[in-house]
Amino acid sequence: MAILIIFIGGYGLWDKHQIEEAADSSNYSQYRPVQKGDDWTYDEIKEINPEVIGWIKLKDTSIDHPLLQAEDNDKYLTLSATGEFSMTGSLFLDHNNRPDFSDAVSIIYGHHMNSEYMFGCLSSFLDRGFFRSHQYGYIVIGDKMKGIDVIGVAEVSAYDSDVYSGFNDSSHIQKILSKSIFVRGKKLNPDKLLVLSTCVDMGSDDRIILMCEMTDKVKFPLTDEEETKSANRSYVRIILILLLVFALILTYIWMRRRKHINRRKDDRHIIYLN
């Protein structure tokens with residue numbers, strides 16, 4: 001009996017590890033979008049699964065995944081982006097949304113993983129410090145890349161009609177933003193709203209939503225090569241600053257030394273009388 005319990009417990013841990021590994025965005029690293037001229041492409045994964053419609057990444061989070069869209073909102077709850085069965089599913093756009101993200105409100109769904117994979121990290125945005133320090137991302141739509149600015153976070157019901165209906169009604173934008181626990185800026189009026197949605201707990205009707213504005217400017221490096229270039233530029237700036245500080249120190253020492261020499265020269269012309 002003890003051996004059986006150990007075996008079952010070990011299998012449970014192994015199975016949990018396998019599920020968590022399947023949710024790791026590094027599984028899709030070879031498919032990340034690459035730039036060709038002014039366009040961005042992810043042809044390799046689209047050839048595997050033509051229902052891949054884009055890519056999404058939030059800076060300094062685990063979100064770095066292809067985006068899917070099917071004819072319903074059930075298919076990619078248990079399918080990976082490459083079309084294989086997966087308990088962690090995929091990140092997918094609501095089937096009622098237009099795939100070019102031209103609706104007033106576009107909603108992307110993903111599972112809430114305890115490891116913070118998939119949309120598990122959305123709960124971290126409920127922390128004020130995390131929300132403040134994590135603002136930017138990007139989304140590839142077709143062959144074009146847009147910036148993402150995180151502007152609000154909220155907890156809502158899965159049956160909240162202000163959030164989960166009326167995708168073409170721009171009045172829903174302010175209704176959704178009004179639910180924010182934290183909101184970035186006092187006067188927010190985005191033309192379109194991108195909502196990332198995930199459950200809070202298994203079997204719960206509560207949802208965490210992250211509200212984002214899509215912009216024409218991507219505000220952080222996109223690729224490993226560009227990140228390397230950015231890091232190199234940072235190193236160059238640091239070196240230049242250090243050289244400037246060193247030059248200022250040398251100048252200060254030289255001026256002090258010159259002042260001391262001049263004082264000694266002046267002392268030679270002083271005649272001391274008894």
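Parameters and conventions
- Residues numbered from 1 in each chain as written.
- Predicted model: local features only at pLDDT ≥ 70, side-chain atom pairs only at ≥ 80, totals over all residues.
- Heavy atoms only, no water.
- Helix = DSSP H or I, 4+ residues; strand = E, 2+ residues; numbered from the N terminus.
- Buried < 20%, exposed > 50% of the residue type's maximum accessible area, 1.4 Å probe, protein only.
- Contact = heavy atoms within 4.5 Å.
- Areas by Shrake-Rupley, 256 points an atom, 1.4 Å probe, with all protein chains shown as cover.
- pLDDT = per-residue confidence, 0-100.
- Pairing = 2+ DSSP bridges.

**Some details on the overall build of the protein**
(1) Moving on: Counting its regular elements, the protein contains 6 helices and 11 strands.
(2) Moving on: The burial tally for the protein puts 39% of its 274 residues in the buried class.
(3) Moving on: When contacts within the protein are restricted to residue pairs at least 6 apart in sequence, those whose partners lie at least 24 apart make up 59%.
(4) Moving on: A total accessible area of about 16,600 Å² is found for the protein, and carbon and sulfur atoms account for 55% of it.

**Describing the confidence of the model for the protein**
(1) Moving on: Residues with a pLDDT of 70 or more make up 79% of the protein, whose mean pLDDT is 83.
(2) Moving on: Every residue in residues 7–19 is under pLDDT 50, and counting partners more than four places away or in other chains gives 3 contacts.

**A few points about the environment of Glu47**
(1) Moving on: Within the fold, Glu47 resides in helix α2 (residues 43–48).
(2) Moving on: The exposure class assigned to Glu47 is exposed, which follows from its relative accessible area of 68%.
(3) Moving on: Put simply, Glu47 and Thr82 are 35 residues apart on the chain and 9.5 Å apart in space, counted from C-alpha to C-alpha.

**Things to note about the pairing of strand β6 (residues 105–109)**
(1) Moving on: Burial analysis of β6 places 5 of its 5 residues in the buried class, the great majority of the element.
(2) Moving on: Judged by which residues are buried, β6 turns out to be covered on both faces: Val105, Ile107 and Tyr109 on one side and Ser106 and Ile108 on the other are all buried.
(3) Moving on: In terms of strand pairing, β6 meets strand β10 (residues 193–199) through 5 bridges, oriented parallel. Residue pairing across strands places Ser106 opposite Leu194, the latter belonging to β10.

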